[in-house]
Number of protein chains: 2
Amino acid sequence: MTVPPPAAPGMKLAEVETPALLIDLDAFERNLRAMAEAVGPTGLRLRPHAKTHKSPVIARRQLALGAVGVCCQKVSEAEVLADGGVDDVLVTNQVVGARKLERLAALARRVKVGTCVDDAQNARDLSAAAVRFGAEIEVLVEIDVGAGRCGVAPGEPARTLAGEVATLPGLRFGGLQAYQGAAQHLRRAEEREAAIARAAELTRQTVALLAGAGLECRTVGGAGTGTYALEAASGVWNELQCGSYVFMDADYARNLDAEGAPVAAFEQALFVLSTVMSQPAAGRAVLDAGLKALAFDSGPPLVHGRADLRYEGASDEHGKVAFEATNAPLRPGDRLLLVPGHCDPTVNLHDWYVAVRGLSWEGAFVEAVWPVAARGAGF
Amino acid sequence: MTVPPPAAPGMKLAEVETPALLIDLDAFERNLRAMAEAVGPTGLRLRPHAKTHKSPVIARRQLALGAVGVCCQKVSEAEVLADGGVDDVLVTNQVVGARKLERLAALARRVKVGTCVDDAQNARDLSAAAVRFGAEIEVLVEIDVGAGRCGVAPGEPARTLAGEVATLPGLRFGGLQAYQGAAQHLRRAEEREAAIARAAELTRQTVALLAGAGLECRTVGGAGTGTYALEAASGVWNELQCGSYVFMDADYARNLDAEGAPVAAFEQALFVLSTVMSQPAAGRAVLDAGLKALAFDSGPPLVHGRADLRYEGASDEHGKVAFEATNAPLRPGDRLLLVPGHCDPTVNLHDWYVAVRGLSWEGAFVEAVWPVAARGAGF
């Protein structure tokens, strides 16, 4: 069922079939090291989110640099990661339904597995599955610290649920999941600071409330690429779950620092290589990458290194690029590197990573081709 | 690399893992028959677009009902379709790049292959590849009849290019590709009529111009699900390339007929089955299907049969549903059928179709599980 890869190791960039999902290996490796070096001295744990890359190859590189395990969002992702050599996976999500709970419990027989709950009945179902399979599952109680998605309210509701989890056989109460997803893409530094300060206060109070009830939070998890430094500095969180930092995207590049300049902690390392397939009229070219090669939920891609070009519209298999008639015209066969608007759902469109060393139009070569092994692993 | 299917034949709907891409087989089969019965009496050829379904299984069912072949957009799609038993494939797109042209020529050794050109150099490259492989490729000259995407201008530019194609070895000039994609989703019947009338006039003039130059258009291809009746009635087109009619989607359902009522030629046959994974607050539930399970380029999905529920926001793996506190509340484990906003890119997110007979919450069963064989076939 899987289509063959668009490249092979040793190829030059010009030989890669398009559209192709490219990793700039040099930038990618600098991103991995930068995060490891940022978190290492803090004494906090780094548990990167594998929902971004869906790749055991990349997860193992994160582990080799000190990560304690990885996160993912779906049981099927956890299965693929475990099969690929990852032995500690936290599903930062609710797992609902009999078959999914059975699969999670079966997985917990062979690797360390954790998950999140925000509902007492779901916790009881999870416990029953764990007991049936003779497994032990680490459970974090998810609290809503401002994202308005999943999670019980901080404070008393969290204490009640944690108290129940702690009594359930087959489960090990691990602490809290406190991810402020809505803060990650707030543009101004003071907006992100305010959101995380509020999340920190709610989380701190809940940790204290639980401690008063004899419920120790060994793990307080959360944070993303947009705010991790704030969570790290808060003294509240002890496990950071950043994902996008490995690749980055056009939307994260719009986040600003305290001086109003773009945050520059990580580099763009993910691209979609695209070819001009038509240049039918003055000032317009059509690329071979549209809705099936790029995610548009955070806006269109940017054309890397070509501020004179604007990707102005997508259909399923086409992208229209506008350019001034006075520019160097694009011609069929010309190639462009596109910076995805949003990395995670763009990765999920592709079966293969083409990992390139020395990314440039001349001299670059394909060092590796990696499957996006958990692509489509949605359940 | 491919994740296992979310269901197996014989399962009840309640046993299907979610999110899952569901086909309502009864509605799907009625759609296939309705199109065959609409086109059959006209004497025109039906060449359905396989970009929608990416499935040789479905393509063969279309052929069995009288289709002369199928269309697709990418060489890799054509390869998958040919491997799946389809022996006549038209790539309704420009094929650019040495490797792609070689692959197309190699494919033309084993099945009937056609493609579109809008550039003389591309036509010469295609000819060279065909000659090198001892293949013959049918070529349609694509003209821009109002979509503003690919295609040379109608009239003289088309005649010039067609004249060159007709002289090139390894190519067989077949006629014109004249697809008005921009007209498909115009809401009001008179808007679609005006757009197709204009496209028809441009195409008719070009066909006549070519005929005057001794260039016979055996094929004049185009039309989509939104406008095919207009092209069929025009006397200009002779090959109809509709794709979405097999499944339909929320966006096509917004097209209106001459009386201002929704066009009812085809039924909704494609769904994403989703589970409520969290119900954390009054009036809010969270589903397990977000950006990685549904395309949002044509708006959010509708909740089938539940006008009281509104899918109001997606993140990568989550969908938030709003409901009035007075409604029957949703609870974790409850299931909903979602009508995708746009069928083609939604299909492209999934590895498997779960084909269900007698779709309903009680009594339905999985009749077949089909791979979305050309999913990710983007190059």
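Throughout what follows, the structure given in this document is the object of discussion.

**Details of the pattern of salt bridges**
A complete count under the given rule lists 70 salt bridges over all chains for this structure. Residue Arg254(A) pairs with Asp251(A) through a salt bridge whose shortest N-O separation is 3.1 Å. According to the relative accessible area criterion, Asp251(A) is buried, its value standing at 9%. With a closest N to O distance of 2.5 Å, Arg47(B) and Glu239(B) form a salt bridge. Within this pair, whereas Arg47(B) is found in the loop between strand S2 (45-46) and helix H2 (56-64), its partner Glu239(B) is found in strand S9 (residues 239-240), the two being separated by 192 residues in sequence. Across this residue pair, the class does not change: Arg47(B) and Glu239(B) are buried. Put simply, Asp26(A), Glu29(A), Arg61(A), Arg357(A) and Glu367(A) are held in one network by salt bridges that share partners.

**Quick word on the packing of helix H6 (residues 156-167) of chain A against helix H7 (residues 189-212) of chain A**
All names here are of chain A. In the contact formed by H6 and H7, the axes pass within 9 Å of each other and the chain directions differ by 45°. Between H6 and H7, the angle is such that the two are oblique. As for the relative orientation of H6 and H7, their crossing is right-handed in sense. Across the interface between the two elements, Glu-156, Ala-158, Arg-159 and Ala-162 from H6 touch Thr-206, Leu-209 and Leu-210 from H7.

**Some thoughts on the sheet that holds strand S4 (residues 88-94) of chain B**
Residues and elements named next belong to chain B. Taken together, the eight strands give an open sheet; going across it, the order is S2-S9-S8-S7-S6-S5-S4-S3, and neighbouring strands pair in parallel fashion. Sheet topology places S2 and strand S3 (70-72) at the edges, where each strand pairs with a single neighbour. In this structure, strand S6 (residues 137-142) lies alongside strand S7 (residues 171-177), joined through six bridges in parallel fashion. Its bridge partner being in S7, Ile-137 is matched across the sheet by Leu-171. Docked against the sheet, helix H7 (residues 189-212) engages S7 and strand S8 (219-222), running at close to 150° with respect to S7.

**Here's the deal with the interface of chain A and chain B**
Facing the 62 residues of chain A at the interface are 62 residues of chain B. Summed over both sides, the interface of chain A with chain B buries roughly 5,000 Å², with 52% coming from carbon and sulfur. The interface formed by chain A and chain B holds twelve salt bridges in total. The salt bridge partner of Arg375(A) is Asp351(B), with a shortest N-O separation of 3.3 Å. Inspection of the region where chain A meets chain B yields 34 residue pairs in polar contact (both at pLDDT 80 or more). When contributions to the side of chain A that touches chain B are tallied by element, the ones reaching two or more residues are helix H4 (98-107), strand S10 (270-281), strand S11 (284-287) and helix H9 (343-347) of chain A. Among the elements that line the side of chain A that touches chain B, the one with the most residues is S10(A), at five residues. Among the residues making up the side of chain A that touches chain B, the classes are represented as 23 nonpolar, 17 polar and 22 charged.

**Here's the deal with the pairing of strand S10 (residues 270-281) of chain B**
Residue and element names in this part refer to chain B. Counting buried residues along S10, nine of its twelve residues qualify, which places the element largely inside the surrounding structure. Across four bridges, strand S1 (residues 20-24) lies against S10 in antiparallel orientation. Across the sheet, residue Leu-21 finds its bridge partner in S10, namely Val-272. When S10 meets strand S11 (residues 284-287), the two strands line up antiparallel, connected through three bridges. Paired with Ala-281 across the bridge in S11 is Arg-284. Between the end of S10 and the start of S11, which pair antiparallel, lie two residues, with Gly-283 showing a positive phi angle near 80°.

**Examining the pairing of S11(B)**
Residues and elements named next belong to chain B. On S11, burial covers both faces: Arg-284 and Val-286 on one face and Ala-285 and Leu-287 on the other are all buried. One ladder, built from four bridges, connects S11 with strand S14 (residues 319-322); its direction is antiparallel. Bridged to Leu-287 within S14 is Gly-319.

**Digging into the environment of Ala98(B)**
Residue and element names in this part refer to chain B. Its place among the elements puts Ala-98 in helix H4 (residues 98-108). On the basis of relative accessibility, which here comes to 57%, the residue Ala-98 falls in the exposed class. In this structure the C-alpha to C-alpha distance between Ala-98 and Gln-121, which are 23 residues apart in sequence, comes to 12 Å.

**So, the relation of the copies chain A and chain B**
For the match of chain A to chain B, the screw axis carries a shift of 0.0 Å, the RMSD comes to 0.0 Å, and the turn is 180°. In short, the pair behaves as if placed about a two-fold rotation axis. When the interface residues of chain A are mapped onto chain B, 100% of them again fall at the interface, so both copies present the same face.

**Considerations on the packing of aromatic side chains**
All names here are of chain A. Taken as a whole and assessed by the stated rule, the structure comprises twelve aromatic pairs over all chains. Residues Tyr-228 and Phe-266 carry aromatic rings whose centres are separated by 6.0 Å and whose planes lie at 50° to one another, so their mutual orientation is tilted. Of this pair, Tyr-228 sits in helix H8 (residues 228-234) while Phe-266 sits in the loop between strand S9 (239-240) and S10, and the two are 38 residues apart along the sequence. Ring pairing ties together the aromatic residues Phe-28, Phe-247, Tyr-353 and Trp-370, which thus form one cluster.

**Remarks on the environment of Thr275(A)**
Mapped onto the elements of the fold, Thr275(A) is located in strand S10. Beyond its immediate sequence surroundings of up to four residues, Thr275(A) is in contact with Thr18(A), Val286(A), Leu287(A), Asp288(A), Gly333(A), Asp334(A), Arg335(A) and Val96(B).

**As for the packing of helix H1 (residues 25-39) of chain A against helix H2 (residues 56-64) of chain A**
Residues and elements named next belong to chain A. The interhelical angle for the contact between H1 and H2, taken along N-to-C directions, is 40°, at an axis separation of 10 Å. In terms of axis orientation, H1 runs oblique to H2. Here the hand of the crossing between H1 and H2 comes out right-handed. From H1, Phe-28, Glu-29 and Leu-32 reach across to H2, where they touch Ile-58, Arg-61 and Gln-62. Tallied by class, the residues present in the contact of H1 with H2 amount to three nonpolar, one polar and two charged.

**Things to note about the sheet that holds strand S5 (residues 112-117) of chain A**
Strands belonging to one sheet form pairs held by backbone hydrogen bonds; the direction of such a pair is parallel or antiparallel. Residue and element names in this part refer to chain A. One open sheet accounts for eight strands, arranged S2-S9-S8-S7-S6-S5-S4-S3; its pairing is parallel. The open sheet is flanked by strand S2 (45-46) and strand S3 (70-72), the only strands paired with a single partner. Bridging between S5 and strand S6 (residues 137-142) involves four bridges; their strand directions are parallel. If you follow Gly-114 over to S6, its bridge partner there is Glu-138. Across the sheet, helix H3 (residues 75-83) touches S3 and strand S4 (88-91), and the angle it forms with S3 is around 145°.

About the cut-offs
Residues numbered from 1 in each chain as written. Chains lettered and ligands numbered in written order. Predicted model: local features only at pLDDT ≥ 70, side-chain atom pairs only at ≥ 80, totals over all residues. Heavy atoms only, no water. Salt bridge = Lys/Arg side-chain N within 4 Å of Asp/Glu carboxyl O. Buried < 20%, exposed > 50% of the residue type's maximum accessible area, 1.4 Å probe, protein only. Helix = DSSP H or I, 4+ residues; strand = E, 2+ residues; numbered from the N terminus. Axes fitted to C-alpha atoms, helices over the stretch in contact; angles between N-to-C directions. Parallel < 35°, antiparallel > 145°, perpendicular 65-115°, else oblique. Left-handed = near helix turned anticlockwise from the far one by under 90°. Contact = heavy atoms within 4.5 Å. Pairing = 2+ DSSP bridges. Buried area = accessible area lost by both parts, 1.4 Å probe. Polar contact = N/O pair within 3.5 Å; in protein donor to acceptor, adjacent residues only side chain to side chain. Nonpolar A, V, L, I, M, F, W, Y, C, P; charged D, E, K, R; others polar. Least-squares fit on C-alpha atoms with pLDDT ≥ 70 in both. Phe/Tyr/Trp six-rings, centres within 6.5 Å; stacked < 30°, edge-to-face > 60°.

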